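# Coordinate inspection notes
Each chain, letter by letter, is given below.
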Amino acid sequence: MQEFVKDRARQEIFKLKPYTPGKPIDEVKRELGLQNIIKLASNENPLGPAPRAIEAISNMLTEIHLYPDANCFNLKKALSSYHDVPTTGILIGNGSDELLKLLAETFLSSGDQIIVGQPTFSEYEFTALIMGAECIEVPLKDFTHDLPAMLDAITPKTKMIIICNPNNPTGTIVNRMQIKEFMSKLPPDILVVFDEAYYEYVESPEYSTGLEYLAQGRNVIVLRTFSKIYGLAALRIGYGLTSTEIAQAVERVMEPFNVNSPAQIGAVAALQDQEHVKRSRELNKQGKQYLYNEFKRMGLTYVPTEANFIFMDTGVDGREVFNRLLKLGVIVRTGDIFGLPTFIRVTVGTAEENQRFTTSLEKVLKDLK
Ligand SMILES: *Cc1c(COP(=O)(O)O)cnc(C)c1O
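Residues numbered from 1 in each chain as written. Predicted model: local features only at pLDDT ≥ 70, side-chain atom pairs only at ≥ 80, totals over all residues. Heavy atoms only, no water.

### Let's talk about the pattern of salt bridges
Here is the rule: A side-chain nitrogen of Lys or Arg and a carboxyl oxygen of Asp or Glu constitute a salt bridge if their distance falls within 4 Å. A run of DSSP states H or I qualifies as a helix once it reaches four residues; a run of E qualifies as a strand once it reaches two. Both are numbered from the N-terminal end. For each residue, the accessible area found with a 1.4 Å probe, counting protein chains only, is set against the maximum for its type, and the residue is called buried under 20%, exposed over 50%, and partly exposed in between.
Applying the stated criterion across every chain yields a total of 18 salt bridges. Note that Glu-251 is salt-bridged to Lys-76, the shortest N-O span being 3.3 Å. Of the two residues, Glu-251 is situated in helix H10 (residues 244-252) and Lys-76 in helix H4 (residues 73-83); the sequence distance between them amounts to 175 residues. A residue is classified by how much of its surface remains accessible, and Glu-251, at 31% relative accessible area, is partly exposed. Linking Glu-181 and Lys-185 is a salt bridge whose minimum nitrogen-to-oxygen distance equals 2.7 Å.

Pasting the structure below:
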């Protein structure tokens, strides 16, 4: 490493591990010279963006010479009535990723600790480390957040606990009773972040959102996104629902024009397009069932999911499976980045994509045995 950076940069940055994104389709085309590629690696909506959002964005493109509304007035109004919460407690971010980073910038200093599950979404650790805070990882139990163990991990340095519900990459949820028990024992001065990026896909009646605790006046923030079921990942827009007090603090560290206007307008239209949400949920439900049946037929184990992806055990080296699937034009995610080297994570696609995936997987596993 060059001396300049080594001497002058903040030492915290050297602890950061680069994020491993899902491999983009164009990259696979370039590297492997393939044409017909399906991406089941980033939990995107296989039906595409909400049609109403496409229309609304197409109609506003002549306005993109103007700065966006720094307050996201229309979107906050729409979310306020959709969720029946006051606009003052709504934060809009450049993806919910940005909100995670802003929460870290607002609440974390060097020496503080946050508590997360292991494995879970890697952004949590990233945002803590940037601020010089420590990320305490509590192993999942049966692929599910172990809330009692997370409570046991609390120290006087704990500032924040992040619960990814449903959890990425396992697709599991913590249920209403588990959350209730957890919240009743949690010291009130620790902020709880409920990352509910896959909320709209949940089927279990045992599920409960963190919004209940917000309504009770607890120090919580619920994160949601337009990247997943609403199909707007490229626009980068997500939101947080919290108290007015917490929202005002986070807004202090926010850039004035963090969310672009196509994203704001697209999100309002997408929220109105609940037909698209319903269709997407239904497709996911059918896709899940198809994949479960195929995995059973092939004698493979998987973690039952409440989201739009499945974490499954290939029984062999997951990275090898990943590479071989890639050569057949199917992009998935390896489990090794989550600490489970025989696993892969696959997004539920269209019926056709799911079939292509299972046919390819069967071929790859046969070749490997
Ligand atoms: C995809 C995802 C997000 C959303 O990210 P955006 O920045 O809103 O695109 C947040 N949390 C988890 C767990 C995710 O998987």
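### Regarding the site of the ligand
What counts is decided by this rule: We call a residue near a molecule or strand as soon as one heavy atom of that residue lies within 4 Å of the molecule or strand. Within 3.5 Å is the distance limit for a polar contact, defined as a pair of N or O atoms, with the added protein rule that one can donate a hydrogen and the other accept it, and that residues adjacent in sequence qualify only through two side-chain atoms. The accessible surface values rely on the Shrake-Rupley method and a 1.4 Å probe; as for residues, cover is taken only from the protein chains in view.
Close to the ligand lie 14 residues, the nearest being Asp-195, Tyr-198, Thr-225, Ser-227 and Lys-228. Residue Asp-97 places a main-chain N or O atom 3.0 Å away from an oxygen atom belonging to the ligand. The contact in question runs from a nitrogen atom of the ligand to an N or O atom on the side chain of Asp-195, over 2.6 Å. A total of 390 Å² of accessible area belongs to the ligand in isolation, and the protein chains cover 94% of it. Looking at the shell around the ligand element by element, the count peaks at 3 residues for helix H5 (residues 95-107).

### A few points about the sheet that holds strand E8 (residues 238-241)
Condition: The pairing criterion is simple: DSSP has to find at least two bridges between the two strands. Where helices are involved, their axes are fitted lines through C-alpha atoms of the stretch in contact, as for all axes, and angles between N-to-C directions lie from 0 to 180°. Here a residue-residue contact requires only that any non-hydrogen atoms of the pair lie within 4.5 Å.
With respect to topology, 7 strands assemble into an open sheet ordered E2-E8-E7-E6-E5-E3-E4, the strand pairing being mixed. Of all the strands in the sheet, the pair left with one neighbour each is strand E2 (90-93) and strand E4 (134-139). Direction aside, neighbouring strands of the sheet carry axes that sit 25 degrees apart on average. Two strands pair when backbone bridges link them, and strand E3 (residues 113-118) and E4 are joined in this way by 6 bridges, in the parallel orientation. Bridging across to E4, Gln-113 finds its partner in Glu-134. Packed on one face of the sheet, H4 meets E2, strand E7 (220-225) and E8 and runs near 130 degrees to E2. Most of the contacts of H10 go to E2, to which it runs at about 30 degrees, and overall it touches E2, strand E6 (191-195) and E7.

### Some remarks on the sheet that holds strand E13 (residues 343-347)
Taken in spatial order, the 4 strands of this open sheet run E9-E10-E13-E12, and their pairing is antiparallel. Each edge of the sheet is formed by a strand with only one pairing partner; in this case those strands are strand E9 (301-303) and strand E12 (333-334). Looking at chain direction, E9 and strand E10 (residues 309-313) are connected through 3 bridges and run antiparallel. Opposite Tyr-302, over in E10, you have Met-312 as the bridge partner. In this fold helix H12 (residues 274-297) packs onto E9, E10 and E13, with an angle of close to 10 degrees to the strand it touches most, E10.

### Section: the packing of aromatic side chains
What counts, and what does not: Aromatic pairing here means that ring centres of Phe, Tyr or Trp (its six-membered ring) are within 6.5 Å. Orientation follows from the plane angle: under 30 degrees is stacked, over 60 is edge-to-face, and everything else is tilted. Only when the NZ atom of a Lys or the CZ atom of an Arg is both within 6 Å of the ring centre and within 35 degrees of the ring normal do we say a charge sits over the ring.
Here the structure, examined in full by the defined rule, presents 12 aromatic pairs. Geometrically, the ring pair formed by Phe-226 and Tyr-239 is tilted, given 5.6 Å between the ring centres and 45 degrees between the ring planes. Within this pair, whereas Phe-226 is found in the loop between E7 and E8, its partner Tyr-239 is found in strand E8, the two being separated by 13 residues in sequence. Phe-226 gets classed as buried once you look at its relative accessible area, which sits at 0%. Looking at Tyr-239, the relative accessible area reads 2%, which means it is buried. Each ring, one from Tyr-292 and one from Tyr-302, has its centre 4.6 Å from the other, and the planes form 15 degrees; the classification is stacked. In this pair, Tyr-292 sits in helix H12 while Tyr-302 sits in strand E9, placing the two residues 10 residues apart along the sequence. Tyr-302 carries the same exposure label as Tyr-292, and that label is buried. Members of the aromatic cluster, each reached through a chain of ring pairs, are Phe-143, Phe-311, Phe-338 and Phe-343. Against the face of Tyr-199 rests Arg-224, its NZ or CZ located 3.6 Å from the ring centre. Residue placement shows Arg-345 over the ring face of Phe-309; its charged tip is 5.6 Å from the ring centre.

### Looking at the packing of H4 against helix H11 (residues 261-272)
Worth spelling out the cut-off: Each angle gets one of four labels, with under 35 degrees taken as roughly parallel, over 145 as roughly antiparallel, 65 to 115 as roughly perpendicular, and the rest as oblique. The crossing is said to be left-handed when, going from far helix to near helix, the turn is anticlockwise and less than a right angle, and right-handed when the turn is clockwise. Basically, the charged four are Asp, Glu, Lys and Arg, the nonpolar ten are Ala, Val, Leu, Ile, Met, Phe, Trp, Tyr, Cys and Pro, and anything else, Gly included, counts as polar.
At their nearest, the axes of H4 and H11 sit 9 Å apart, and the two run at 25 degrees to each other. Judged by the inter-axis angle, H4 sits roughly parallel to H11. Once H4 is placed against H11, the crossing between them reads as left-handed. Along the contact surface, H4 presents Asn-74, Leu-75, Ala-78, Leu-79 and Tyr-82, while H11 presents Gln-264, Ala-267, Val-268 and Leu-271. Taken together, the residues of the contact of H4 with H11 sort by class into 7 nonpolar, 2 polar and no charged.

All we've got here are geometric facts, nothing functional implied.
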